[in-house]
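Here is how the chains run, residue by residue.
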Amino acid sequence: MTVYVYDFAQGNKDQKDLLGGKGANLAEMTNLGLPVPPGFTISTDACRAYLAAGTEPSELAEQVSARLSALEETMGRRLGDAADPLLVSVRSGAKFSMPGMMETVLNIGLNDESVHGLARLSGDERFALDSYRRLLAMFGSTVLHIDSEHFSRALDAAKSARGTTADLDLDADDLRALVETFKQIIRDQAGREFPQDAREQLDLSVRAVFNSWNTDRARLYRRRERIPEDLGTAVNVQTMVFGNFGMDSGSGVAFTRDPASGNQGVYGDYLQNAQGEDVVAGIRNTVSLADFEKLDKTSYDDLIAIMAQLERHYRDMCDIEFTVERGKLWMLQTRVGKRTPGAAFRISRHMRDEGLIEADEQLSRVTGSQLASLMFPRFDASADKVLLATGMNASPGAAVGKVVFDSPTAVAWVERGEDVILVRKETNPSDLAGMVVAQGILTSRGGKTSHAAVVARGMGRTCVCGAEALDVDVEAKVVKVRGGGELREGDVISIDGATGEVFAGAVPVSPSDVVRYFEGEDVDADVVLAVDEVMTHADSRRRMKVRANADTAEDAARARRFGAEGIGLCRTEHMFLGDRRELVEHLIVAEDSAGQEAALDALLPLQRADFAGILEAMDGLPVTIRLIDPPLHEFLPDYTELSVKVALAEAAGGADPHDVRLLDHVRRLHEQNPMLGLRGVRLGIQIPGLFVMQARAILEAAADRIEAGGTPLPEIMVPLVASVRELDVVKRDILAVAEEVQAARGVEIDVKVGTMIELPRAAFLADRIAASAEFFSFGTNDLTQMAWGFSRDDVEAAFFSKYFEHGIFDVSPFESLDQRGVGGMVEMGTQKGRATKPDLKVGVCGEHGGDPASIHFFETVGLDYVSCSPFRVPVARLEAARAVLGTDA
Ligand code: PEP
Ligand code: MG
């Protein structure tokens, strides 16, 4: 029989797959002897079984009954008992935390009878009724899918009838009336009574948590965070403790270090007489932990001691949810806390200094994508700025965009190419779509643990929250700025997530400290010291080399400063654009070989100068130069446009003869499927002079470098090879040029000739191709296109959103390698190539060379290097090292 239900005492923190993150950590805390209200966890197995069958597994009800009886025994109370009710909470908890995405129901077990029992036992009728109205609202919205607005409107009405805006001013009579109103809302909106049977409340809440796995917002969140669709969530059923038991009670959230900056020292918010989400919902202003100490020294001291214990135990920054019930501290949750990229690096350094972790573990604590965020620009300190307000620095970054007030507008404006800042009083899970697309998020209420802050940090999105000088009216779409002025939809603002500042207009941005450090500047910032420490260790640990994709001397030089160990892909076609396009045109329209040669002769010195610059920037390091790849018509005028031009000119009395000739060639070269047409090595075979000219330019540039005392290491790469014979045909010519240049210049050039592997056939026949190739470089862009039959220029916009919806893939295979399919070809091609030539150098130069998950895959396949854009080189260095350690990407 499958076990679906586990007591907290039965699990531990490493069982997140089965118990979810929350359940596993509740179990861990229980076993550490911390004050955790007792309870049990319904496993993710149960959720998956439910989602697959559309109904709970048959054993579940019985197993819940058994655990519930045990819990009732421990607590000496029965669920929903009229005189002395046991009350429980039902909370979701997936393997990966999905803040605000899934459901919670508190105070289960209250009904028209037991609410009196609770009132009598507690001696506090107001408290009992407050708990009941909360249950009705949460159950109504979560389980019965009633728009929560109905409940909040009724609550607001009750408050205004009292002439107040504070929940706490409502007395028992108000709450009694509210309970009746809420029950009526349920009747009206759901067409049923609120279930009085406590077990029914429990079972329906558990089912609601299962179902919440598949809400739109949960799916969207998973797609963004690349969380697999099929994990399911666990459900935690836990004895209630009450933070709404009066002013000596309350609930809070805390971090063992500041999650925004990484500074040492505890950090958190506490709200007296509050339950559940109150503390993060921004309904009342929270107090800091320092003020909590003044309110309740005993609970504060207990909390600090527990936080220290948890940090030592987890050896990481933890976040915590706690409740104080009449002066007694209870722990409701802990987990390794989310943090900003800067905080991640700083905390890793501090913890290493403190002896909590070692260098390898430090590497596992930071990610390439965090490093990438630290490389984003920030606001220029010297620019003139108009400060509108200062809020909390909830999630760093410098964001500029137009003010929008709601998610649909944010999405629509971003779709038409605008940058937006989503401005709200506070956010809730239904704002997720807008938060995803916005450059930044600005709220006027809520602290660093508010929904906006937590979600923005998790997504790496810039966020300023609690900017109280802004009065946000979402309905009227206007922000009144204290001290004068207002902002309307479409006005441009700039928000600084590192300082919490909000500026009018677009503030210019300047490079980040981390980029300045990579550029070789001396930057005195703690985060830079941390990055330096991590990168130094990463470079000592990684096996794979990191090269850059660069086509200009400037890019090559920058890549080298960023730590690139050569060029993995120089796309020479970029050198045929601009002024030189005309020379390509001459080549194509040439009437005879003399005309062709003249065109090629004109291109030669230009190409030579390009290569000389790149070889100089990468002196002493390998530079892979790929011969021209795309179809020639890409360098010619558009077929339709030219046809129209010629037709119009003819109608007006005569077209330019050059245009007429050109049109002829454009027509001749026009292809239905140019990506599958005359490109790459095929072009090299069709117009042999082209590759030969390029090879000559490379070799002559190398000879020049040698004469100037340099050490050029060119590698000539042939694109789109499918057969060893293709390679042989062009290689023969290249080698002949090499002989000739070396003889003529009296130098010996260390040059290699190799090939891209970017067609499935090449991967299958890599053993044969390796006989003629001195190196391989996987072109995973084309390999993905050819493997899936996806046109790389069209499909992402055309239909990928449907593919995500159906879970066909979680991420575009053009962005992160399809490891099973395309990756299988990379693995096979590598093995076959090395079966022929054991020391064959194999790299990758598709976009995947800079993608963390793909880099980890390439490590397992044993590639010699990855190559990516210069800006991603540091990310690749870090991830290549993390891959050696076996850390998740
Ligand atoms: C590739 O196909 O992966 C590649 C690097 O070449 P390109 O993107 O230029 O086709
Ligand atoms: Mg390619």
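See above for the structure.
Given the structure is predicted, the values throughout are model-derived calculations rather than measurements.

Peer 1: Is there a simple way to explain the packing of helix α31 (residues 780-788) against helix α33 (residues 822-836) in this structure?
Peer 2: Describing two packed helices takes the angle between their axes plus the distance from one axis to the other. Taken N-terminus to C-terminus, the directions of α31 and α33 make an angle of 120 degrees; their axes are 9 Å apart at the nearest point. Accordingly, the angle class assigned to the pair α31 and α33 is oblique. Between α31 and α33 lies a crossing whose hand is right-handed. Residues Thr-780, Leu-783, Thr-784, Ala-787 and Trp-788 of α31 form the contact with α33, whose participating residues are Val-822, Met-825 and Val-826. Per-class residue counts for the contact of α31 with α33 are 6 nonpolar, 2 polar and no charged.

Peer 1: What is the right way to look at helix α28 (residues 724-745) in this model?
Peer 2: One full turn of an α-helix is made of 3.6 residues, so residues set three or four places apart face in the same direction. Here α28 is 22 residues long and its end C-alpha atoms lie 31 Å apart, about the 32 Å a rise of 1.5 Å per residue gives. At Lys-731, α28 is bent by approximately 25 degrees, the largest bend along its length. Those residues of α28 that fall on the buried side of the exposure criterion are Val-724, Glu-726, Leu-727, Val-730, Lys-731, Ile-734, Val-737, Ala-738, Val-741 and Gln-742. Packed against the buried residues of α28 are α26 (681-686), α27 (688-707), β29 (713-718), β30 (752-757) and α30 (766-770). Where α28 begins, one side-chain oxygen reaches toward the backbone nitrogen of Arg-725, 3.0 Å away; that side chain belongs to Ser-723. The positive-phi residue at the C-terminal boundary of α28 is Gly-746, with phi of around 65 degrees.

Peer 1: Hey, could you run me through the coordination of the magnesium ion (ligand 2) in this one?
Peer 2: In ideal tetrahedral geometry, four donors around a metal make angles of 109.5 degrees, whereas ideal octahedral geometry with six donors gives angles of 90 or 180 degrees. The magnesium ion (ligand 2) binds to the protein through Glu-758 (OE) and Asp-782 (OD), with metal-donor distances spanning 2.0 to 2.1 Å. Taken as a pair, Glu-758 in the loop between β30 and α29 (760-764) and Asp-782 in helix α31 lie far apart in primary sequence, 24 residues in all. Exposure class is identical for Glu-758 and Asp-782. Each is buried.

Peer 1: I would appreciate a short explanation of the nonpolar core in the present structure.
Peer 2: Of all hydrophobic cores here, the largest spans 120 residues; its most connected members are Phe-345 and Leu-690. Looking at which element gives the most residues to this core, the answer is α27, with 10 residues. Leave out the neighbours within four places in its chain, and Phe-345 touches Val-366, Thr-367, Gln-370, Leu-371, Leu-374, Val-527, Ala-530, Val-531, Val-534 and Leu-878. With 59 residues, the next largest nonpolar core counts Ala-46, Leu-118, Leu-136 and Ile-186 among its residues.

Peer 1: Just checking my understanding: could you explain the site of ligand 1 for this structure?
Peer 2: The immediate surroundings of ligand 1 are formed by 13 residues, with Arg-571, Arg-626, Gly-779, Asn-781 and Arg-792 found nearest. Look at ligand 1: alone it shows 280 Å² of surface, and the protein chains cover 95% of it. For the shell around ligand 1, the elements supplying multiple residues, two or more each, are β27 (567-571) and α31. Per element, the largest residue contribution to the shell around ligand 1 is 3 residues, and it comes from α31. For the shell around ligand 1, the per-class residue count stands at 3 nonpolar, 4 polar and 6 charged.

Peer 1: Help me understand the sheet that holds strand β21 (residues 478-481), please; the structure alone is not making it clear to me.
Peer 2: Adjacent strands of a sheet form backbone hydrogen bonds with each other and so pair up, either parallel or antiparallel. Sheet architecture is open: 3 strands sit in the order β20-β21-β22, paired in antiparallel fashion. Each edge of the open sheet is held by one strand with a lone partner, namely β20 (470-473) and β22 (486-488). Taken over all neighbouring pairs, the strand axes of this sheet differ in orientation by 15 degrees on average, direction set aside. Relative to β22, β21 runs antiparallel, the two being bridged by 3 bridges. Directly across from Lys-480, in β22, lies its bridge partner Glu-486.

Peer 1: It is not clear to me how the side chain of Ser-510 should be interpreted in this structure. Could you clarify?
Peer 2: With respect to the helices, strands and loops of the structure, Ser-510 is situated in strand β25 (residues 509-510). When its relative accessible area of 16% is taken as the criterion, Ser-510 is described as buried. Residues contacting Ser-510, with those up to four places away along its chain left out, are Pro-377, Arg-378, Phe-379 and Asp-380.

Peer 1: Would you take a moment to explain the environment of Gly-483 for this structure?
Peer 2: Position of Gly-483 among the secondary structure elements: in the loop between β21 and β22. Here the alpha-carbon distance between Gly-483 and Leu-388, two residues 95 residues apart in the chain, equals 8.8 Å.

Peer 1: When you look at unusual backbone geometry in this model, what are you seeing that I'm missing?
Peer 2: Peptide bonds are trans in most cases, and residues, glycine excluded, mostly fall at negative phi. Although it is not a glycine, Asn-107 adopts a positive phi angle of roughly 70 degrees. Along the chain, Asn-107 turns up in strand β6 (residues 104-108). The residue Arg-226 is not glycine, and still its phi comes out positive at about 55 degrees. By relative accessible area, Arg-226 is classed as partly exposed at 34%.

Peer 1: Any chance you could explain the pattern of salt bridges here in plain terms?
Peer 2: As a working rule, side chains carrying opposite charge can pair if their charged atoms are close by. Using the criterion set out here, one finds 77 salt bridges in the structure. A salt bridge links Asp-301 to Lys-297; its shortest N-O distance comes to 3.0 Å. Taken together, the positions of Asp-301 and Lys-297, both in helix α12 (residues 297-314) and 4 residues apart, correspond to about one turn of that helix. In this structure, the salt-bridge partner of Asp-526 is Arg-346, at a minimum N-O distance of 2.7 Å.

Peer 1: Can you help me understand the packing of aromatic side chains in this one?
Peer 2: Working definition: an aromatic ring pair is given by the centre-to-centre distance plus the angle between the planes. One pass over the full model with this rule turns up 31 aromatic pairs. Look at Phe-127 and Phe-242: their rings are 4.9 Å apart centre to centre, the planes differ by 80 degrees, and that puts the pair in the edge-to-face class. In this pair, Phe-127 is assigned in helix α5 (residues 125-143) and Phe-242 in the loop between β7 (233-239) and β8 (250-257), connecting sequence segments 115 residues apart. The residues Phe-127 and Phe-242 share a single accessibility class, namely buried. Measuring from centroid to centroid gives 5.6 Å for Phe-292 and Phe-322, while their planes differ by 35 degrees, and the two rings are tilted. Residue Phe-292 is found in helix α11 (residues 289-295), and its partner Phe-322 is found in strand β11 (residues 318-325); the two are separated by 30 residues along the sequence. Per residue, the accessibility class of Phe-292 equals that of Phe-322, and both read buried. Chaining the aromatic ring pairs together yields one cluster made of Trp-788, Phe-790, Phe-799, Phe-800, Tyr-803, Phe-804, Phe-809 and Phe-814. Positioned above the aromatic ring of Phe-245, the side-chain terminus of Arg-326 is 3.6 Å from the ring centre.

About the criteria used
Residues numbered from 1 in each chain as written. Chains lettered and ligands numbered in written order. Predicted model: local features only at pLDDT ≥ 70, side-chain atom pairs only at ≥ 80, totals over all residues. Heavy atoms only, no water. Axes fitted to C-alpha atoms, helices over the stretch in contact; angles between N-to-C directions. Helix = DSSP H or I, 4+ residues; strand = E, 2+ residues; numbered from the N terminus. Parallel < 35°, antiparallel > 145°, perpendicular 65-115°, else oblique. Left-handed = near helix turned anticlockwise from the far one by under 90°. Contact = heavy atoms within 4.5 Å. Nonpolar A, V, L, I, M, F, W, Y, C, P; charged D, E, K, R; others polar. Expected span 1.5 Å × (residues − 1). Bend = angle between axes of the 7 residues up to and from the residue. Buried < 20%, exposed > 50% of the residue type's maximum accessible area, 1.4 Å probe, protein only. Polar contact = N/O pair within 3.5 Å; in protein donor to acceptor, adjacent residues only side chain to side chain. Donors = N, O, S within 2.8 Å, 3.2 Å for Na, K, Ca; no water. Core = buried A, V, L, I, M, F, W, Y, C linked by side-chain atoms within 4.5 Å. Near = heavy atom within 4 Å. Areas by Shrake-Rupley, 256 points an atom, 1.4 Å probe, with all protein chains shown as cover. Pairing = 2+ DSSP bridges. Salt bridge = Lys/Arg side-chain N within 4 Å of Asp/Glu carboxyl O. Phe/Tyr/Trp six-rings, centres within 6.5 Å; stacked < 30°, edge-to-face > 60°. Lys NZ or Arg CZ within 6 Å of the ring centre and 35° of its normal.

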